[in-house]
Amino acid sequence: IPNDITGPVYLYYKLTNFYQNHRKYVESYSWAQLRGQAVAYDDLTSDCSPMRYRDGKMVYPCGLVANSIFNDTIGSPVNRDDTEKTYEFSQKGIAWKSDLSLYKKTEYEASQIVPPENWMQKYPNGYTAENLPDLSKDELFMNWMKTAALPSFVKLYGINKNAVFEKGSYATEIELNYPVSIFGGTKSMVIGTSSVLGGRHLSLGICYLIVACISIAFMLGFLIKQLFTRKKTNNHSFLSEFNGEDSSANNALDNASSIAPNSSRSNGRNIL
């Protein structure tokens, strides 16, 4: 770290060539499960296929998105010159507040469900009453479930809101569990801060730029159309014609109003 970095400091992991925006992948989850509902065996959404059932039980959480969660572990950086100095990153407060209210603790019994296939390293013996995951507190899981729009993306892994990240040389331990060679991608660790323009979320900025360019193109197209296809009206005779028609209409109304009182008087008895 060449210079002191004032908080908040964010720790991200970055993946490349990972297409979370694939239609089949994006739809492969069960909102009912994520909201804590004990969905019946036959009612589990088919969108979770092929990660829907395993060993005759329901997969929890089901679907391709949950099954492919990033599972490398990144330790807090330790100062190499003074090993007693560790810059601690917390995984609390890394998810959106709106997401915290969406995810609920499951109502399933541990005997009803099994972990996704790629979770077996963490749960080699399956779920028990003691290790059943509480998704309402797993903010790393919440961040992963927000699928990225572009194939290269970063997701928040940890945060330190207050402490200064002092300059120096640091080492961190990373447990490598996540395979990237199978999809021809890369993975890396990114440390960054935020400014008035926001944090290191390039995908949202790129989307804004694309929409802005499209809007400018449409604006120029409509401007050119307005300048070169506008009709010039030098003949104002239609105005006199309109005034003439308007005068005729007014005369007709005047005649009708002059006749109406006589008619009402003559037929007053019938009206009453």
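Residues numbered from 1 in each chain as written. Predicted model: local features only at pLDDT ≥ 70, side-chain atom pairs only at ≥ 80, totals over all residues. Heavy atoms only, no water.

Colleague: Even after reading the chapter, I still don't get the sheet that holds strand β6 (residues 113-114), so can you show me in this structure?
Modeller: The strands making up a sheet associate through hydrogen bonds between their backbones, and the pairing can be parallel or antiparallel. What the 3 strands build is an open sheet, ordered β2-β3-β6; its pairing is mixed. Lying at the two open borders of the sheet, with one neighbouring strand each, are β2 (53-54) and β6. Taken together, the 2 bridges between β2 and strand β3 (residues 57-59) define a ladder with antiparallel strand orientation. Each residue of the ladder has a partner; that of R54, found in β3, is K57. (Pairing = 2+ DSSP bridges. Helix = DSSP H or I, 4+ residues; strand = E, 2+ residues; numbered from the N terminus.)

Colleague: Can you walk me through the pairing of strand β7 (residues 153-160) in this structure?
Modeller: Looking down a regular strand, the side chains alternate between one sheet face and the other. The buried fraction of β7 amounts to 8 of the 8 residues, a majority that puts the element mostly inside the structure. Of the pairings in the sheet, the one linking strand β1 (residues 9-15) to β7 comprises 7 bridges and is antiparallel in character. Within β7, the residue paired with V9 across the bridge is N160. (Buried < 20%, exposed > 50% of the residue type's maximum accessible area, 1.4 Å probe, protein only.)

Colleague: Could you clarify how one ought to interpret the pairing of β1 in this entry?
Modeller: Of all 7 residues in β1, 6 are buried, a share of seventy percent or more. With 7 bridges joining them, β1 and strand β10 (residues 187-193) adopt antiparallel strand pairing. Considered in β10, the bridge of K14 is made with S188.

Read these as spatial facts, not as claims about activity.
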